Amino acid sequence: MDKLAFGFWGVYFGTAAVMLAGAALAFVRSLHRISLNAGLSATASGFFVVAFLGGLPIDDEDTLARVLAHIAMLVSGFLAYLLFSILGLLASRKARLHTRLALTVLVLGVMAAGWLLPPAPSLVLGLGFAWTLGAVALAVSMRSVYRGDRLAWTAVFGVFFMLVAMLGLGWIALVRGQEPWPVHAVSALAGTAYLVTMAVALWTRYSYLIELHQVMAMGPSYDPVTRMRSHTETGQMVGDIFRRRRDDPAGSDAAADGAPPAPHRSGPQVGVMVVSIGNLYALERLHGMAAVNHALFVCAGRLRRSVPAYVETGRFSGDGFVLLLRDCNDSGQLIRLAHLVEKRLSKSVVLNTSLDAARRESEQTRWQAEIGVGVLLVSDPAARASSVLAACKAMSRTAMSYASRVAWLDQASGEAVELPVLQAA
């Protein structure tokens, strides 16, 4: 293979690796459906490319031809099913079962027919079947476009690029070692474009499920600007947690069993963090409420990406957020998270100051949030949510005057003190 061909295929496999990494990240964020579909799509198409580039450890040409024919049929059938799922054609269980059955029977039937042919014609049959199934998927995507599905345009381009890559890889497999390097270049670029378009389609189709899940969990208390709990819902969530701590004192279970009550214990500590943005009012006075909503949207997005999945988050007042760690017995963990949040939210951002799309690019301003973080580790089971949140809010305001922008309540003096950045061990 020519060095230029290696370079182009390196771009393809690099894109596939990025897609797999994104799938792993989505899985960590509990987006299992997105991660599964993205990971399987990248893996199946990558395996198809590796096989047709000669990466399988098979020396016998006849055996290799039959194996490639089977791979072409199976992978094309799977990718077609995935595309139908992305287009929303498999919403009902009946449609899913019928589609699976039809594709399975079709693939197995063509595979059986391939064994009636010599190896080389069998490979041609497999490639022809795969390309025909891709053409059918293209027609289905165009049908969805005519029905008004905007996502279908992405699928149309993706299937087109897939067909181009499939033609090139088929050429490479049939004339092994005699193909010119532009065939590799076109095939690799088409394969890369296919992965990119499929990643966009997957995210577009399923991203609404993320917001839908939050809306269903929080109901009318969902805040569409920050995509978090609203101020009211956050207060109720924190209040419920502290109320359960007061109503479930240590030793109650033992007493119910007839054993003597255990000595009083505070139970697991709760880490509470309030993040305040000090310059939202000035931003509103200068550029209006649209710019403030954009700033809150960006800050909330950065916050969600910065915190682990087990940290409860929500909007608090008009200019801040609450972070809650239910079982936090490591103050160092809480402090490091506070510094991380401050660092991420303090990065500058370009804000749109106009709602007019035609003038949006000309009416932008660079803005940097003035962040203050108040941190409190609550061990008293009798503590009340209102007083804890008020104390954290006050410390977050005080923290804006500190170099580190993070304040902690000193138990000895009862005053807020600055928390410098912890040195790495």
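Now for a quick tour of the structure. Quick caveat, the model's predicted, so the values are computed rather than measured.

Moving on to the overall build of the protein chain. Along the protein chain, the regular secondary structure elements total 13 helices and 10 strands. Burial statistics for the protein chain: of 425 residues in total, 46% are counted as buried. Within the protein chain, contacts between residues at least 6 apart in sequence are counted, and of these 68% link residues at least 24 apart.

Side chains bearing opposite charge may pair, as long as their charged atoms lie close to each other. Inspection of every chain in the model, using the stated rule, returns five salt bridges. A salt bridge links Asp 319 to Lys 393, with the shortest nitrogen-to-oxygen separation between them at 2.8 Å. On the criterion of sequence distance, the pair formed by Asp 319 in the loop between strand E4 (312–316) and strand E5 (320–325) and Lys 393 in helix H13 (residues 385–399) is long-range, its members being 74 residues apart. You'll find Asp 319 and Lys 393 in the same group, each marked buried. A salt bridge links Arg 397 to Asp 319; the nearest nitrogen and oxygen atoms lie 2.3 Å apart. With Arg 397 in helix H13 and Asp 319 in the loop between E4 and E5, the pair connects residues that are 78 residues apart, well separated along the chain.

The tally for this structure, following the rule as stated, stands at six aromatic pairs. Seen from their ring centres, Phe 8 and Trp 181 are 6.5 Å apart, and the 10° between their planes marks the pair as stacked. Of this pair, Phe 8 sits in helix H1 (residues 3–28) while Trp 181 sits in helix H7 (residues 181–218), and the two are 173 residues apart along the sequence. Given a relative accessible area of 24%, Phe 8 falls into the partly exposed group. Assessed through its relative accessible area of 39%, Trp 181 is described here as partly exposed. Considering the side-chain rings of Tyr 12 and Phe 13, the 5.1 Å spacing of their centres and the 80° angle between planes classify their relative orientation as edge-to-face. For Phe 13, a relative accessible area of 32% puts it in the partly exposed group. Taken together, the ring pairs in this structure connect Trp 9, Tyr 12 and Phe 13 into an aromatic cluster.

All right, on to the side chain of Lys 393 then. Residue Lys 393 is classed as buried on the basis of its relative accessible area of 15%. A polar side-chain atom of Lys 393 sits 3.1 Å from a polar atom in the side chain of Ser 317. The contact partners of Lys 393, leaving out residues within four places of it in the chain, are Val 274, Ser 276, Phe 316, Ser 317 and Asp 319.

Let's shift gears to helix H3 (residues 61–86). An ideal rise of 1.5 Å per residue puts 38 Å on 26 residues; H3 measures up with 37 Å between its terminal C-alpha atoms. With 20 of 26 residues buried, H3 is to be regarded as a mostly interior element.

Residue Ser 317 is not a glycine yet carries a positive backbone phi of 60°. Looking at the secondary structure, you find Ser 317 in the loop between E4 and E5. One non-glycine residue, Arg 405, lies in positive phi territory at about 65°.

A separate point is the nonpolar core. If you look at the biggest cluster of nonpolar residues, it comprises 60 residues, and the most contacted ones within it are Phe 48, Phe 52, Leu 68 and Leu 123. Of all the elements, H3 adds the most residues to this core, at 15 residues. Here Leu 68 is in contact with Ala 51, Phe 52, Leu 56, Leu 123, Ala 173 and Arg 176, once residues within four sequence places are set aside. By size, the runner-up hydrophobic cluster in this structure holds 37 residues, among which are Leu 303, Cys 328, Leu 337 and Val 375.

What follows concerns the environment of Trp 131. Its place among the elements puts Trp 131 in helix H5 (residues 119–146). In sequence terms Trp 131 and Val 164 are 33 residues apart; their C-alpha atoms lie 9.3 Å from each other. Excluding residues that lie within four positions of it along the chain, Trp 131 makes contacts with Leu 163, Met 166 and Leu 167.

On to the environment of Arg 326, then. Mapping Arg 326 onto the fold places it in the loop between E5 and helix H12 (331–345). With 14 residues separating them along the chain, Arg 326 and Glu 312 place their C-alpha atoms 8.2 Å apart. If we skip the residues at most four places from it in the chain, Arg 326 touches Ile 241, Arg 244, Gln 269, Val 270 and Glu 312.

Quick notes on the rules
- Residues numbered from 1 in each chain as written.
- Predicted model: local features only at pLDDT ≥ 70, side-chain atom pairs only at ≥ 80, totals over all residues.
- Heavy atoms only, no water.
- Helix = DSSP H or I, 4+ residues; strand = E, 2+ residues; numbered from the N terminus.
- Buried < 20%, exposed > 50% of the residue type's maximum accessible area, 1.4 Å probe, protein only.
- Contact = heavy atoms within 4.5 Å.
- Salt bridge = Lys/Arg side-chain N within 4 Å of Asp/Glu carboxyl O.
- Phe/Tyr/Trp six-rings, centres within 6.5 Å; stacked < 30°, edge-to-face > 60°.
- Polar contact = N/O pair within 3.5 Å; in protein donor to acceptor, adjacent residues only side chain to side chain.
- Expected span 1.5 Å × (residues − 1).
- Core = buried A, V, L, I, M, F, W, Y, C linked by side-chain atoms within 4.5 Å.

Read these as geometric descriptors, not functional statements.
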